[in-house]
Amino acid sequence: ISVAVAAGEADAAAATTAAEAPRDADGGRDGGDGGGDGNGNAAGGAPSPPPARAPSALTHDERRGGLLGLARRFDEPMPLILFDLNGTLIHRAPKKSTKHGKYRPLSLRPKTSALVHLKESYRLGVYSSASLPTVKEAIGKLEQAAKQHLFDVVLHRDHCRPLAGREHGNTWDTAKPLGVYVGLQGLRTTLLVDDDDFKVEETEKRNLVHMPGWGGHQQDDALEHLVALLLSVAAEAKQHTAASQEGSDNGNTFDFREHTEQISRVLRDANDASQAAVLSRRDKLEALLAQPEDGTE
């Protein structure tokens, strides 16, 4: 991934305007702007062809929040799952100071490598309120752990919009619109997996798979449950498609949104049960440690 991203940055730097890219909350800079009119067109006015897609490299359109490159990417038949990062797939600890400066440790949620099983049935992507440098760092670690390319679509802070009522809050207090990128029809086959339900547009709540938040603890199997549930829905979608082709169905596109509420509920119940089991084991251990060594009160 380091080679692919570095190559993408070199291409972007060659076409960057004189204006500086905005700094992110950690002092880094977002990706550079490409040349052209800002709408995915080359400087001469003619639409530029889709750039070659290296694993995890971001296109110029994606870097500056342009929509044409994304529209080309979304125009595919496979359903799309967009994953939030912090609290869903990763955990960013508070900043630490070292002799080399400050940094925020990044850890991966247990079983992130299970995401590879989804690629036969879904396209995978990232949709994060984080800045581009943070997103690239997280994708690098996730794909390194999976030992393969995972994410075909990358949306970051530049693709979000300010959250209503929090315009003067943190830079990561954003909403994540979907329809502007995938279209009304595309909403039927697009899911957003996120631990923050308030970041979803009110008209797109059905697209949300509400993931239990993760704070860095290792006793977590939520991703394992999620993958199993999503594969079950994909199998049902394939049956629906087969029935449509045989003429025994009305031909409507399978609506993945009809399953998000149930998936979210199962994930929540499983997480509650897991946390209860952890607390029970902790209470038993504390009770054992509190006993005198001779077994008497």
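Presented here is a report on the structure given in the accompanying data block. Going along each chain's sequence as written, the residues are numbered from 1 onward. Totals for whole chains, interfaces and linings use all residues, but because this is a predicted model, local features are given only for residues with pLDDT of at least 70 and pairs of side-chain atoms are given and counted only at 80 or more. Only heavy atoms go into the side-chain values, all of them from the structure, while hydrogens and water stay out.

**Quick word on empty space enclosed by the protein**
Item 1. With a 1 Å grid laid over protein atoms only, a set of points is called a cavity when a 1.4 Å probe fits there but cannot get out and a pocket when it is open yet has protein on both sides within 12 Å along at least five of seven lines; lining residues have an atom within 4 Å of a point. Grid points are joined across faces, edges and corners, and a volume is the space filled by probe spheres set on the points. Evaluated as defined, the whole model comprises 1 cavity of 30 Å³ or more.
Item 2. In this structure, the largest cavity encloses a volume near 40 Å³.
Item 3. Lining the largest cavity we find Gln219, Asp220, Asp221, Ala222, His225, Leu267, Ala270, Asn271, Ser274 and Gln275.
Item 4. Numbering of helices and strands runs from the N terminus; a helix is a DSSP stretch of H or I covering at least four residues, while a strand is a stretch of E covering at least two. Looking at the lining of the largest cavity, the elements that each hand over two or more residues are helix 6 (222-245) and helix 7 (260-290).
Item 5. A per-element tally of the lining of the largest cavity places helix 7 first, with 5 residues.
Item 6. Following the grouping adopted for this structure description, the nonpolar residues are Ala, Val, Leu, Ile, Met, Phe, Trp, Tyr, Cys and Pro, the charged ones are Asp, Glu, Lys and Arg, and the polar ones are all others, Gly among them. Grouping the constituent residues of the lining of the largest cavity by class yields 3 nonpolar, 5 polar and 2 charged.

**Brief notes about the nonpolar core**
Item 1. Residues enter a nonpolar core if they are buried and are Ala, Val, Leu, Ile, Met, Phe, Trp, Tyr or Cys, with the set joined through side-chain atoms within 4.5 Å. When accessible area is computed with a 1.4 Å probe and restricted to protein chains, residues below 20% of their type maximum are described as buried, those above 50% as exposed, and intermediate ones as partly exposed. Counting 37 residues, the largest nonpolar core has Phe83, Leu89, Leu115, Leu118, Tyr122, Phe151 and Leu226 as the members making the most contacts within it.
Item 2. Of all elements in the fold, only strand 1 (80-83), strand 6 (123-127), helix 4 (132-146), strand 10 (190-194), helix 6 and helix 7 reach the threshold of two or more residues within this core.
Item 3. Per element, the largest residue contribution to this core is 8 residues, and it comes from helix 6.

**Observations regarding the sheet that holds strand 1**
Item 1. By the convention used here, strands pair only if DSSP detects at least 2 bridges between them. Ordered by their spatial adjacency, 5 strands build an open sheet running 7-6-1-10-11, and the pairing between neighbours is parallel. Each edge of the sheet is formed by a strand with only one pairing partner; in this case those strands are strand 7 (153-155) and strand 11 (208-210). With direction set aside, neighbouring strand axes in the sheet form an average angle of 25 degrees.
Item 2. Bridge count for strand 10 against strand 11 is 3 bridges, and the pairing is parallel. Opposite Val193, over in strand 11, you have Val209 as the bridge partner. All axes are obtained by fitting lines to C-alpha atoms, using only the stretch in contact for helices, and the reported angles, taken between N-to-C directions, cover 0 to 180 degrees.

**A look at the pairing of strand 1**
Item 1. On strand 1, burial covers both faces: Leu80 and Leu82 on one face and Ile81 and Phe83 on the other are all buried.
Item 2. In this sheet, strand 6 lies alongside strand 1 in parallel orientation, the contact comprising 4 bridges. Counted as the bridge partner of Leu82 is Gly125 from strand 6.
Item 3. In the sheet, strand 1 pairs with strand 10 via 4 bridges, with the strands oriented parallel. Counterpart to Phe83 in the pairing with strand 10 is Val193.

**So, unusual backbone geometry**
Item 1. Although it is not a glycine, Lys111 sits at a positive phi angle of roughly 70 degrees.
Item 2. Its location among the elements puts Lys111 in the loop between strand 5 (106-108) and strand 6.
Item 3. When its relative accessible area of 41% is taken as the criterion, Lys111 is described as partly exposed.
Item 4. You will see that Lys147, though not glycine, has its phi angle at about 60 degrees, which is positive.
Item 5. With respect to the element layout, Lys147 can be found in the loop between helix 4 and strand 7.

**Some points on the environment of His159**
Item 1. For His159, the location among the structural elements is in the loop between strand 7 and strand 8 (161-162).
Item 2. Overall, the relative accessible area of 1% leaves His159 in the buried class.
Item 3. Each C-alpha atom of the pair His159 and Lys176 lies 7.5 Å from the other, and the pair is 17 residues apart in sequence.

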